[in-house]
Amino acid sequence: MTCMQKQTQLTDSQELLRKASRQRTIQTNVRILGMEGDLDLDFLLKGSDLLKVRSRNWKKTRYFKLQEDCKTMWLESKKLIKSNQTWLFSLDDISAVRVGRQTEGLRKSTEEQVEDRCFSIVFKGRRKNLDLIAGSDEEARRWVSSLQKLVSNLNNLSRKQKTEHWILSCLRKADKNKDDKLTQSEMKNFLRLINIEVDDIYAEMLFQKCDKSKSGYLAGEEIEHFYDLLTHREEINVIYGAYARTTGFMSPENLVEFLMKEQREKATLADANSIIKNFEPDENVKEKQLLSKDGFLLYLHHPETMILNAEHKEVYQDMSRPLSHYFISSSHNTYLMEDQLKGPSSTEAYVRRALQKGCRCVELDCWDGSDNEPVIYHGYTLTSQILFKDAVKAIKDYAFQASDYPVILSLENHCSVKQQQVMAHHLSSILGSALVTSPLGDTMPTDFPSPEELRGRFLIKGKRLNKLEAIFTQEAAGTEPDVTLQRFHLIFQKKKLKLAKELSDMVIYCKSVHFSGFEDARKNLSFYEMSSFKEGKAVKLAEESANEYIRHNAEKLSRIYPAGVRTDSSNYNPVPLWNAGCQMVALNFQTACSDMDVNQGRFQVNGKSGYILKPAFMRNASTEFDPITLTRGDWLQHRTFHLMVISAQQLPKVNDKKSSIVDPLVKVEVLGVPADCTQKETQHVVNNGFNPSWNENFQFDVYVPELALVRFVIEDHDTASDNEFVAQYTLPFTSLKMGYRHVPLLDKNGCLLPSAGLFVHVMVLD
C-alpha cells in the first residue's frame, strides 16, 4: 500500500482540464474492461465512507474511491493537522473479498450485531487484511459484489488488454499537466515508468519518429504510433511470417503445419478453424477463415497454450493408490505469520498461507491455555497465541476450497491430559463426521487408504496409546476384552506418554513413533506408524542411505521439518528429500524464498490437489533405485533438453524509484537427482525491463525426468553486489510443453504478475 501526501491546490482552469482528462481516461479504461454503463463500476468510481478496523479500540472513517485507471483504490485519511494523507492499493493485489466477520481481526474487534455490515479485503502475499464496516447492510453487499466483479474482470482480461490498460495508466502518470499530450521530457519519464532507460540521442530519435505534426509533443494518433512501436515484437513477426503464406495471413493449413512442426502437437483442420474462431479479433479476417498476427499472438498468450501442459492443470494422476505413494504438500509451524521468536500467530496463516495454496498437512503446536482452553503458539517464545478451537474452525471452513483431498492435522502436543480431552472434544464437535476416527472397512487394514477414498476427510497425526491392531484383536478372537488388563495398560501408557485416551483414539493412520533405524522399522513398525525427521538427519539419510530411505517410504510415511535454529523461519531445499521418497517435506509457508518457489512448482500440477503421485520406481518396497549412484533401471530415461531464451515482456521494477531500471538476465535451473542439477544463464540486457531480448540457446541432459523440475529465474544484474530477484516460474520437467511458449512469471510471494512474461522455445529429445 502506497502512502502519499495530498496534491497541491489547482487553479479553476487546471481543475477543469484535470476533470476532463480524468473522464476521458475513465471512458477508455471502461471500454477496455468491457464495462460500459456498469452500475457496480460507477458505484466504485463514486466511492463512499467506510469504517476501517484495526483493533477493538481503533476504528476510523476513511473515504474509499476507485481511481480513473479502474484498478487502483484510493482512500483518504481526514486529519486536522496540516494536510490530508491518501493511500493507494492496486486491485491486482487483492486475493479475495470476504463478506461478514470472516477474518480473525473482525471477529476479535467487532460484535455480532454488525456482522452484515462487515467485509474484508484479503491481499496476496504478506500484506495484512483490510477490515471494513459499511454504513448499512446494503452498502456492504454493494461494495463486496462490485469489488468481486471488477477483480474478476481484471483477471479475465486478455494479455493484449492488460498491456493496453497498464500502458495507459503509465501514460497518465507521465502526463504531469493532464493535457493528454506528451512532451519529450514526459516521454522519457513514461519510459522510466515502464522499466526502460534510454539516452538523450535515442529519446530524441524516437520522439521525432512519432511527432509527425512537428508540434513538439505527441497527441492522439502519434501516441498510438508510439504505443505500437513499444509493443512491437520482432520475434513474433519472424515466427508468424514463416507460416503466414496465404496473402500475408495464416490459413488453417498453415496453422496446422505450425502446430505440428513447431509445437509438436497433434492438430487437425478442425482444431485450426476453432483457434481462428476463438482468437482472431478482426471479423473480416475471421470470415475468410484466416489468422492475423494479432490473433496468432492472442493464441500464444492464452493460458492453455503456455509452457505448462494444460492437461496437468487438472487432476490427471491415479488417486486410488495408498497415501504413502504420494508427495504431500506440507507446512511447518503453519500458525505463524512471520519469525519463530516473536512473530504473530494467526488463524489467517492456515487459511491464506497454507490451505488456499493446496497444503494438505498443517501443524498445530498445542499448549495449555487459560480457562481450560488449549492454545496454539511456538512454545517458550514471544509469538502470540490463538485458541486451538479457533484454528480448527478456520481449518474446517477452508480445508477443501482449493482441494477436496484429505487434510492431515499434525499435532505437536504439549498439553496436559485434561486439556487434551478438550482438544479431542473440539476436534470431534467441529470436524464431525469428516474426522477419521476408525479405520475404513471392517477388518484391520494392511495398507493406507487412497486420497480418493479419503476425499473431504481429516486425519490426525500424533501419539497413540496402543497399536491400531488392538481394536480388532479381541473381536477377531471372538472374546470379550480383559477390562482390568486393558485399564492397567492404558493407565501405564498414560503415565508414560501423558496422553488422553480420547485424543489417542483419534490417531488412526498417522501414529507418531520414534525412528530407530530402517531395520527396526521393517521388523517392528506397522504401516501406519510414522516418524518425523529433523532436516539434518533426513538429509544425511538421503545422502548415505538413499535406497533404504526410498524403500522405507514406499510403505510408511515420513515427515521432515526445519531445524530449530531456523528462528527466522527460513527453509531448506526440499528436492533431496523428495528424491528419497519422503512424502511430507514440511516448509515454512510464511517465508518467501527459492525453496518455497520450488515447492509451489512441484505442487502446481495435478489440479493443485496437494498430492503428487511418486514415480513407479519409488512405490516399490524392493526398488533398486538410488538417486546418488543412479544404477541402471527404469528410472533412467535420458532426455536432451534444448531451450532458447528469446525475450521477456513487462518485467516489474525491483523497487518503486522512478530511476530504478532493471538490467535483466535469465537463469535456467534444472533440479532433481544430483546428476541432473545444473544452472545456466543469459547475458544481461542493459536498462530494459519492458521488452528485453536475449535469443540465447542452452542444452541440458536430464537422466531422471520424472523427478526433475525446471526453474526460470529473472534477476536484475548488479556489478557491485548480488543480483536482485525480479520474477520466477517453476514446473515439473514432465509438464513442459514443446515449441514456442510463454512462461507466466510469479513475484517473490508466489503470486502471478499479471502482465509480465518470458518467451522461450522448448525442445525435448529422447
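Owing to the predicted nature of the structure, the values given are computational and were not obtained by experimental measurement.

> Looking at this structure, how should I read the overall build of the protein chain?
Within the protein chain one finds 24 helices and 30 strands. The globule rule puts the C-alpha radius of gyration for 766 residues at 27 Å, and the 29 Å found for the protein chain is close to it. Along the three orthogonal principal directions, the C-alpha set of the protein chain runs to about 100 × 70 × 55 Å. Taking all 766 residues of the protein chain together, 55% fall into the buried category. Pairs at least 24 residues apart make up 67% of the contacts formed inside the protein chain by residues separated by at least 6 positions. Entry remark: accessible area of the protein chain is about 34600 Å², with carbon and sulfur atoms responsible for 49%. If you average the places of the 100 positive and of the 102 negative side-chain charges in the protein chain, the two averages end up 4 Å apart.

> Is there a simple way to think about the packing of helix H7 (residues 200-210) against helix H8 (residues 221-231) in this case?
In helix packing, the relevant descriptors are the interaxial angle and the interaxial distance, both defined with respect to the helix axes. Across the interface, H7 lies against H8 with an axial gap of 9 Å and an inter-helix angle of 130°. If you check the angle between H7 and H8, you find them oblique. For the pair formed by H7 and H8, the contact residues are Leu206, Lys209 and Cys210 on the first element and Glu222, His225, Phe226 and Leu229 on the second. Tallied by class, residues from the contact of H7 with H8 come to four nonpolar, one polar and two charged.

> Before we go on, may I ask you to explain the pairing of strand E21 (residues 584-587) in this structure?
In summary, the side chains of a regular strand alternate between the two faces of the sheet. Side-chain alternation along E21 places Met584 and Ala586 on one buried face and Val585 and Leu587 on a second face that is also buried. The pairing of strand E12 (residues 330-331) with E21 spans two bridges and is parallel. Residue pairing across strands places Ser331 opposite Leu587, the latter belonging to E21. As paired strands, strand E20 (residues 558-561) and E21 are joined by two bridges and run parallel to one another. Within the sheet, the bridge partner assigned to Ile560 lies in E21 and is Val585.

> Would you mind showing me how to read the side chain of Asn599 here?
Examined against the element boundaries, Asn599 turns out to sit in helix H24 (residues 594-603). Under the relative-accessibility criterion, Asn599 is labelled buried at 3%. Residue contacts for Asn599: discarding those within four places in its chain leaves Ser329, Trp578, Val585, Leu587 and Phe589.

> Which parts of the structure should I look at to understand the packing of aromatic side chains?
The relation between two aromatic rings is expressed through the spacing of the ring centres and the mutual angle of the planes. Per the stated rule, a full pass over the model turns up 28 aromatic pairs. Centre to centre, the rings of Tyr63 and Trp74 are 6.2 Å apart; their planes meet at 75°, and the pair counts as edge-to-face. In this pair, Tyr63 is assigned in strand E3 (residues 59-66) and Trp74 in strand E4 (residues 72-77), connecting sequence segments 11 residues apart. Taking relative accessible area as the criterion, Trp74 reaches 19% and is therefore assigned buried.

> What's the story with the environment of Ser251 in this structure? I'm lost.
Positionally, Ser251 belongs in the loop between helix H9 (234-243) and helix H10 (252-261). Each C-alpha atom of the pair Ser251 and Leu291 lies 6.5 Å from the other, and the pair is 40 residues apart in sequence. Among residues more than four places away in sequence, those in contact with Ser251 are Thr246, Gln289 and Leu290.

> Would you mind showing me how to read the pairing of strand E13 (residues 361-367) here?
Counting buried positions along E13 gives seven out of seven residues, so the element sits mostly inside the fold. On E13, burial covers both faces: Cys361, Glu363, Asp365 and Trp367 on one face and Val362, Leu364 and Cys366 on the other are all buried. As defined by bridge partners, E13 adjoins strand E16 (residues 407-413) across six bridges and the pair is classed as parallel. The partner of Leu364 across the bridge, within E16, is Leu411. Examined bridge by bridge, E13 and strand E14 (residues 375-376) share two bridges and lie antiparallel to one another. Note that in E14 the partner of Cys366 across the bridge is Ile376.

> Just checking my understanding: could you explain the UniProt feature "binding site: Ca(2+) 4" (unreviewed entry) in the protein chain for this structure?
The feature "binding site: Ca(2+) 4" (unreviewed entry), as annotated in UniProt, sits at Ile661, Asp663 and Asn687 in this numbering. Across 27 residues, the annotated set stays spatially compact, with a maximum C-alpha separation of 6.6 Å. Following the sequence through the fold, Ile661 ends up in the loop between strand E23 (639-649) and strand E24 (664-671). Excluding anything up to four places from it in sequence, Ile661 contacts Arg192, Asn195, Ile196, Glu197, Lys653, Asn687, Asn688 and Asp716. Here Asn687 is to be found in the loop between strand E25 (678-681) and strand E26 (693-702).

> Looking at this model, I keep getting lost on the layout of surface pockets. Mind explaining?
Over the atoms, a rolled probe matching the size of one water molecule traces out where space is still vacant. Empty space within the second largest pocket amounts to approximately 840 Å³. Lining the second largest pocket are 40 residues; nearest its centre among them are Leu411, Glu412, Asn413, His414 and Tyr561. Those elements that place two or more of their residues in the lining of the second largest pocket are E13, E16, strand E17 (458-462), strand E19 (529-534) and E20. For the lining of the second largest pocket, the element with the most residues is E19, which contributes five residues.

> Can you walk me through the environment of Asn413 in this structure?
Tracing the backbone through its elements, the reader meets Asn413 in strand E16. The exposure class assigned to Asn413 is partly exposed, which follows from its relative accessible area of 28%. The spatial distance from the C-alpha of Asn413 to the C-alpha of Met423 is 9.9 Å, given a sequence separation of 10 residues. Beyond its immediate stretch of four places on either side in the chain, Asn413 contacts Cys366, Gln420, Met423, Leu499 and Leu503. A polar atom in the side chain of Asn413 sits 3.0 Å from the backbone nitrogen of Cys415. Polar contacts involving the side chain of Asn413 include one to the side chain of Gln420, which spans 3.4 Å.

About the criteria used
Residues numbered from 1 in each chain as written. Predicted model: local features only at pLDDT ≥ 70, side-chain atom pairs only at ≥ 80, totals over all residues. Heavy atoms only, no water. Helix = DSSP H or I, 4+ residues; strand = E, 2+ residues; numbered from the N terminus. Rg over C-alpha atoms; globule rule 2.2 N^0.38 Å. Buried < 20%, exposed > 50% of the residue type's maximum accessible area, 1.4 Å probe, protein only. Contact = heavy atoms within 4.5 Å. Areas by Shrake-Rupley, 256 points an atom, 1.4 Å probe, with all protein chains shown as cover. Lys, Arg positive; Asp, Glu negative; His and termini not counted. Charge placed at Lys NZ, Arg CZ, Asp CG, Glu CD. Axes fitted to C-alpha atoms, helices over the stretch in contact; angles between N-to-C directions. Parallel < 35°, antiparallel > 145°, perpendicular 65-115°, else oblique. Nonpolar A, V, L, I, M, F, W, Y, C, P; charged D, E, K, R; others polar. Pairing = 2+ DSSP bridges. Phe/Tyr/Trp six-rings, centres within 6.5 Å; stacked < 30°, edge-to-face > 60°. UniProt positions renumbered as here; feature names shortened; annotations may be inferred. 1 Å grid on protein atoms, 1.4 Å probe; cavity = no way out; pocket = protein on both sides within 12 Å on 5 of 7 lines; lining within 4 Å. Points joined across faces, edges and corners; volume = space filled by probe spheres on them. Polar contact = N/O pair within 3.5 Å; in protein donor to acceptor, adjacent residues only side chain to side chain.

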